[in-house]
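# Residue-level structure breakdown
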Amino acid sequence: MTNSTIARRSLAAGAALALALSLGGCSAVQNIFGGGSDVERDDDGQVTEQGTGSAYDLEVGDCLNFPAADEFSDVELVPCGDAHDSEVILNFESALAEFNEEEMYAEADEQCATEFQSYVGLDWETSIFDYTYFTPLEAGWEDGDRVITCVAYQADATDGSLVQTTGSVQGRAE
């Protein structure tokens, strides 16, 4: 992967969460450009200590806290047994022949929604959890980045803020 930034787009129903996580075609803050990783993993690949990891190296089952910026390349990974606000449920390569933001979002919606039900054990419309995704920006696409990362999270029903949880969402069927 390259050191270009990754963007994220929200599918949250609540206006506060959509505002906090949305990117789309609007201008975004570019204030986090990182590299490297100080995340410790055990022999099974599970994060054992909180640390900064590359958004390009996220693995299914990784628990993390959302970055404050809309564009980023590093994320705060935490052991799933510690408080966190999201979990990676799928990584996949875009099948698009060329960069098209709206088509990429449609592709992500389809793939993430399908995997959400399989991973969480309940469809996202019924679940207390929702999903969003991290997508490459055009510059990253031009450098060969095609990976879209789907993450599950929970939003507070009253104000749309992210709810911290412990443990994995895998198979929770909530």
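Heads up: the structure comes first, above all this text.
As a starting point, this report considers the structure included with it. (Residues numbered from 1 in each chain as written. Predicted model: local features only at pLDDT ≥ 70, side-chain atom pairs only at ≥ 80, totals over all residues. Heavy atoms only, no water.)

## Here we look at the nonpolar core
Across soluble globular proteins, nonpolar side chains show a tendency to be buried alongside one another. Within the largest apolar cluster, 19 residues are counted, with the highest numbers of intra-cluster contacts made by Ile89, Phe116, Val120, Tyr133, Ile148, Cys150 and Val169. No other element matches the seven residues that helix α2 (residues 101-120) contributes to this core. In this structure, Cys150 is in contact with Glu87, Val88, Ile89, Leu90, Phe92, Cys112, Thr132 and Tyr133, ignoring residues within four places of it in sequence. Residues Leu58, Phe66, Phe134 and Tyr153 belong to the second largest nonpolar core, which totals 13 residues. (Core = buried A, V, L, I, M, F, W, Y, C linked by side-chain atoms within 4.5 Å. Buried < 20%, exposed > 50% of the residue type's maximum accessible area, 1.4 Å probe, protein only. Helix = DSSP H or I, 4+ residues; strand = E, 2+ residues; numbered from the N terminus. Contact = heavy atoms within 4.5 Å.)

## Details of the pattern of salt bridges
A complete count under the given rule lists three salt bridges for this structure. Notably, a salt bridge pairs Arg41 with Glu59, separated by 3.7 Å at the nearest N-O pair. Placement of the pair is Arg41 in strand β2 (residues 40-41) and Glu59 in the loop between β4 (51-54) and β5 (63-65), with a sequence separation of 18 residues. Classification of Glu59 as partly exposed rests on a relative accessible area of 36%. Close ionic contact of Glu174 with Arg172 constitutes a salt bridge, the shortest N to O distance being 2.8 Å. Using a relative accessible area of 36% as the deciding quantity, one classes Glu174 as partly exposed. Judged by its relative accessible area of 27%, Arg172 falls in the partly exposed class. Each of Arg41, Glu59 and Asp62 takes part in a single network of salt bridges with overlapping partners. (Salt bridge = Lys/Arg side-chain N within 4 Å of Asp/Glu carboxyl O.)

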